Structure formats: C-alpha cells, structure tokens
Amino acid sequence: MKVICTGTSGSGKLEYLKQAVAEAERHGIKIHLYNVGDLMFKKAEELECPTSPEKILDLSPSSLRALRAAVFEEILKETEDVEHCIISTHGCFRWKNYLMSAFDVHYLNKLQPDLYVTIIDSVLNVSRRLDESPAWKGRLSLKDILTWRDEEIFVTKMMASFQRKPHYIVAVEQPATTMYNLMFRPDMSKVYLSFPITLMIDDTQKMQEVREFRDKLREYFEVFDPLAVEDTELTYGTGTDGDSEEEYCLSKLSEDFRIAPAEKAKIEDQTVIRDYMLIDQSDMVVVYYPTDKTSPGVLCEIIYGSTNNKEVHAVFKERVSPFLKFHCTKVFADSESFFDYLRETGRINDR
C-alpha cells in the first residue's frame, strides 16, 4: 500500500502521519514514512549545496525540480522492497503571491500510489503554526492560507483523478485510526456525521451527546466529523478598529485574532464546500439532531446527500420541521432504534 499525502505548510500533517504510523504499528503493520521536504534538505547537503527553509523556495525552478527528482529516485528505489509507505509531500506552494507546482507527474506514474490523502486543519491553527516558522512568519494572510488549502486539495484531487485513485480529505483532529482504516480497511463503510453545530456549539450537554453518538458510530464505521475543522468559530462577532472605524470580525477562539469581512465570507464559503466534499467521500450521511430548532446547514447537507446517491439516516430526538425529514432515507426517534436497525439489516455486527 503506497499513499501520497499532501497538505499545506502549517497543517500539522507530519505530526498526524507519525501518529498514523504508530497506530499501524499497534496493529502489527510497519509503515515507512518519507517526508519529501526533509529529504530534499538532506540531499542538498549531500550535494554540497545546502539550503534552508527560508531560502529553498527561492531556488530556480530547475534546481528545485532536480532536487525533488533526486529525492524521488531514492524513494522509488527504496519502496521496491517496502510493503507499506506514506510519502508526505506538497501538491503546490503559495510563495510570494505565486503558485508553484510541488510534484512531478513522471514520478507519480512510476510510484503508482494506491491512495491520495490531503491533510487539513483550521485556518487559525495553520496560521499559528506558520507564525512559529521563520520561513513563513508574516507571509500569508488568512485569505492566503484559505486559498492555499483549497489549491492543495484541488491539485491533489486532480492527481488522484488522473491516476483513477481514491482521494480523501482528512482533518488532523480525526483520530489516527482514520488513516489506518483508509489504508488497511478500505471496505469499511464511511459515514459523514451531520448535526446542527451553530445551534449547539455553546450547549455542553448536547455537544457531549453528539460526541458520544459519534464515538459509538466509530465502533462500526469510519466517521468524518465536520467539527474536526471548524473555521466558522472564527467569525462570531464584529468590531471596529480605532479612529479608522474599519470593521473586522472577532474570533471565538481568540479575541486577539481579527478577521477582515472578505476573509469571513471566504471562510464560510469554504466551510460549506468542504463539508460537501466530506459527504462526497462518504457512503452515507447520518444525522444526529437533539434539538427542535431548524438548522439550514443540516437541511442542506441532507438534501445534498440525498440528491447525490447517499443514504441519509436521521435520529431526531425532538419534534422537527417536515422539511428536515423529507429527504431522509429513514428516520429514528433515538440512537438505540437506529443501531437496532443497523443490526437487523446486517450493517453492523457486535460479535
């Protein structure tokens, strides 16, 4: 099993992949992890032309291509005798307002990976990590980070499509078992969990209900949780900046973190599209709805799933609008009856 794993700088990708490798080892499976960035710095040292994180992207395109090619030649040679590997790389770089390619189709064709994965995290977490890096500190606005994350997903998806291989988006807040399941349990059904985040985010008890339901689902399915990347928490209020009266949005996670209105709109748009992508990569949508208030987001996800060939099963604990139920495949009054239905229909087995 060979996996190409992409993600922007600051995404937390390498740390997450190390957890995934440790999870596989717990199951007795050895995964070799190749981090192309580190290998390029090592190769530059060997060739007596060392570079640094601050300067490597300033090298000429031909020098970067040659350095990357030398690294991939070694990876190709090593992986001939390796059963399972993850190659951590980039799809592209957003550097000095310029989009740079970070892969070579020639080597992707030689590698013939079985799976492509893009690792993502919330824009605020990525921004914080980048600000800790001398190479990236102060270089990218929130809008730039959002754009780069979108480009990284798009480029990787195109690479996977070109080779007719599956592509998944995985948030770093997903458990490490997600990578293990995608690699070694590909037949395991995948579920997108839909719930009214905005209505319940401040309700500790209801959010705990959702988490318990999600964890129960994970005993049987691979579950993609939209709250694993929750950028909309960045835009909960507004303020104005001193004498200029320039408006900005406040972050719920950090009141010192200010967001321009244009960035707020992009965050909201990407949140919607990303959740639809998570539905696309799932086999079914499962809705957990412990409130009687109507959520436009959940309604849209139900309709999107239903009209895109997904089964939509919903647990409605309270009386809700018939519009929420209309596109559901089956509706349940509580989680117990939902899991009983899964057992009766052979979807899950507790033995």
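Below or above, wherever it landed, is the structure these notes cover. Source: prediction; values computed, not measured.

Secondary structure summary: the protein contains 13 helices and 15 strands in total. Scaling as 2.2 N^0.38, a compact globule of 351 residues should have a C-alpha radius of gyration of about 20 Å, and the protein matches this with 22 Å. With respect to the principal axes defined by its C-alpha atoms, the protein has extents near 70 × 65 × 30 Å. When contacts within the protein are restricted to residue pairs at least 6 apart in sequence, those whose partners lie at least 24 apart make up 74%. Surface exposure of the protein reaches about 17,200 Å², of which carbon and sulfur atoms provide 48%. Looking at charge distribution, the protein has the averaged site of its 44 positive side-chain charges lying 4 Å from that of its 59 negative ones.

So, about the sheet that holds strand β3 (residues 85–88). Whenever strands of a sheet pair, they do so through backbone hydrogen bonds, lying parallel or antiparallel. Read from one edge to the other, the open sheet built from five strands follows the order β2-β3-β1-β6-β7, with strand pairing classed as parallel. The sheet is open, and its two edges are formed by β2 (32–35) and β7 (167–171), each paired on a single side. Strand-to-strand twist of the sheet, defined as the mean angle between neighbouring strand axes without regard to direction, takes the value 25°. For strand β6 (residues 115–120) and β7, the ladder comprises five bridges, and the chain directions are parallel.

Okay, helix α2 (residues 36–46) next. An α-helical turn contains 3.6 residues, so a residue and the one three or four places further along point in the same direction. All of the buried residues in α2 are Val-36, Met-40, Lys-43 and Ala-44. Along the long axis of α2, the arc covered by the buried residues comes to 100°, so they all point the same way. Taken together, the buried residues of α2 touch β2, α3 (61–79) and β3. Directly after α2, the chain includes Glu-48, whose backbone phi takes a positive value near 60°.

Our focus in this paragraph is empty space enclosed by the protein. Taken as a whole and judged by the stated rule, the model has four cavities of 30 Å³ or more. Size it by volume and the largest cavity reaches roughly 80 Å³. What lines the largest cavity is Ile-120, Ile-169, Val-170, Ala-171, Gln-174, Phe-224, Asp-225, Pro-226, Ala-228, Val-229, Arg-274 and Leu-278. Listing elements by their share of the lining of the largest cavity, those giving two or more residues are β7 and α10 (261–280). In terms of residue class, the lining of the largest cavity is made up of nine nonpolar, one polar and two charged.

The next thing to look at is the pattern of salt bridges. On inspection of all chains with the given rule, the structure shows 14 salt bridges. Glu-74 is the salt-bridge partner of Lys-43, the closest N and O atoms lying 2.4 Å from each other. Of the two residues, Lys-43 sits in helix α2 while Glu-74 sits in helix α3, which places them 31 residues apart along the sequence. Put simply, Lys-216 and Glu-219 hold a salt bridge, and the shortest N to O gap is 3.7 Å. By sharing partners, the salt bridges in this structure join Lys-43, Glu-46 and Glu-74 into a single network.

Bringing the nonpolar core into the picture now. Ranked by size, the top nonpolar core spans 40 residues in total, and within it Ile-87 and Trp-136 carry the most contacts. Among the secondary structure elements, those contributing two or more residues to this core are α2, α3, β3, β4 (92–95), α4 (105–111), α5 (123–131) and α6 (142–162). Setting aside anything within four residues of it in sequence, one finds Trp-136 in contact with Ser-9, Leu-57, Phe-93, Arg-94, Trp-95, Leu-130 and Trp-148. Within the second largest apolar cluster, 23 residues are counted, among which are Phe-195, Val-210, Val-223 and Tyr-341.

A few words on the layout of surface pockets. Estimates place the volume of the largest pocket at around 810 Å³. Ser-9, Gly-37, Phe-41, His-90 and Trp-136 are the residues nearest the centre of the largest pocket, which is lined by 32 residues in total. Within the residue set of the lining of the largest pocket, elements represented by two or more residues are α1 (13–26), α2, α3, β4 and α5. It is α2 that provides the largest number of residues to the lining of the largest pocket, a total of five residues.

To continue, consider the packing of α1 against helix α7 (residues 177–184). The geometry of α1 relative to α7 is characterised by a closest axis approach of 8 Å and an angle of 65° between their N-to-C directions. Between α1 and α7 lies a crossing whose hand is right-handed. On the side of α1, the interface is formed by Tyr-16, Leu-17, Ala-20, Glu-23 and Ala-24, while α7 contributes Thr-177, Thr-178, Met-179, Tyr-180 and Phe-184. When its residues are assigned to classes, the contact of α1 with α7 shows seven nonpolar, two polar and one charged.

On to the sheet that holds strand β13 (residues 284–289), then. The five strands are arranged β9-β8-β13-β14-β15 in an open sheet whose pairing can be described as parallel. The open sheet has two edge strands with one neighbour each: β9 (222–224) and β15 (330–332). Put simply, the sheet's adjacent strands are angled 25° from each other on average, direction ignored. Pairing analysis gives three bridges linking strand β8 (residues 190–194) to β9, with the strands arranged parallel. Note on β9: the bridge partner recorded for Tyr-192 is Phe-224.

Definitions and limits used
Residues numbered from 1 in each chain as written. Predicted model: local features only at pLDDT ≥ 70, side-chain atom pairs only at ≥ 80, totals over all residues. Heavy atoms only, no water. Helix = DSSP H or I, 4+ residues; strand = E, 2+ residues; numbered from the N terminus. Rg over C-alpha atoms; globule rule 2.2 N^0.38 Å. Contact = heavy atoms within 4.5 Å. Areas by Shrake-Rupley, 256 points an atom, 1.4 Å probe, with all protein chains shown as cover. Lys, Arg positive; Asp, Glu negative; His and termini not counted. Charge placed at Lys NZ, Arg CZ, Asp CG, Glu CD. Pairing = 2+ DSSP bridges. Axes fitted to C-alpha atoms, helices over the stretch in contact; angles between N-to-C directions. Buried < 20%, exposed > 50% of the residue type's maximum accessible area, 1.4 Å probe, protein only. Arc of directions from axis to C-beta. 1 Å grid on protein atoms, 1.4 Å probe; cavity = no way out; pocket = protein on both sides within 12 Å on 5 of 7 lines; lining within 4 Å. Points joined across faces, edges and corners; volume = space filled by probe spheres on them. Nonpolar A, V, L, I, M, F, W, Y, C, P; charged D, E, K, R; others polar. Salt bridge = Lys/Arg side-chain N within 4 Å of Asp/Glu carboxyl O. Core = buried A, V, L, I, M, F, W, Y, C linked by side-chain atoms within 4.5 Å. Left-handed = near helix turned anticlockwise from the far one by under 90°.

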